Amino acid sequence: LKDITAHAKKMGARSAVMTRLEQVVDELLMNAMYDAPAAREGYTTMEQREAIKEGKVEDVTLRFGCDGRYLVVSATDRYGELRKNDIFQHLARARQERAPKEDRRNGAGLGLFIVLSSVNRFIANIDEGRQTEVVCVFDLMQSGRTVENVAKSVHVFDGGTRKGGSREVA
């Protein structure tokens, strides 16, 4: 997280963007480390935290890149537990509400709401049961006054592990 925020700051990111960036990266890591494995194993997020303390953790890949205007952050887990319906439900909530009211046992609630409410672009590459990659795009020059309440574009790619191939579903 420190490398990403330091790079964004070096590139001239505005303070409003920095705040959203920190929140989103934290949520992406929480989802990949805690919520995805908990959903797969049927644990609560707290039970997953205990499993991590005991050394039972899968690799999570966090990457970022920047062209000087847009910063892109990607988080990949090895579970493939995120579902397109969850994304679209939370996108609808993010458009309608300023603060979420949902409290769910295994994630995909508040965190996904925060992410969708904080990024300019959201991309999910889902290989069901195998891997999920979430890519978030931030406009580093966006001011607090012009910030949108919800992602301007959302793309969900479903790897279609049962049928093979890849297709865009939204």
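For the structure itself, look to the data block above.
Remember, it's a predicted structure, so these values are computed and weren't measured experimentally.

Caption draft 1: Summary view of the pattern of salt bridges. Inspection of every chain in the model, using the stated rule, returns six salt bridges. R40 is paired through a salt bridge with E81; the nearest N and O atoms lie 3.2 Å apart. Of this pair, R40 sits in helix α2 (residues 15–41) while E81 sits in the loop between β2 (70–77) and α4 (84–96); the two residues are 41 residues apart in sequence, bridging distant segments of the chain. Note on R40: relative accessible area 33%, which makes it partly exposed. R63 is paired through a salt bridge with E133; the nearest N and O atoms lie 3.1 Å apart. With a gap of 70 residues between them, R63 in strand β1 (residues 61–66) and E133 in strand β4 (residues 131–139) connect regions that are remote in the sequence. Accessibility expressed as a relative area gives 46% for R63, which makes it partly exposed. Each of R40, E81, R83 and E128 takes part in salt bridges that share partners, so that together they form one network.

Caption draft 2: Highlighting the side chain of T5. Note on placement: T5 falls in helix α1 (residues 2–10). Exposure remark for T5: the relative accessible area of 13% places this residue in the buried category. Beyond its immediate sequence surroundings of up to four residues, T5 is in contact with M18, L21 and E22.

Definitions and cut-offs
- Residues numbered from 1 in each chain as written.
- Predicted model: local features only at pLDDT ≥ 70, side-chain atom pairs only at ≥ 80, totals over all residues.
- Heavy atoms only, no water.
- Salt bridge = Lys/Arg side-chain N within 4 Å of Asp/Glu carboxyl O.
- Helix = DSSP H or I, 4+ residues; strand = E, 2+ residues; numbered from the N terminus.
- Buried < 20%, exposed > 50% of the residue type's maximum accessible area, 1.4 Å probe, protein only.
- Contact = heavy atoms within 4.5 Å.

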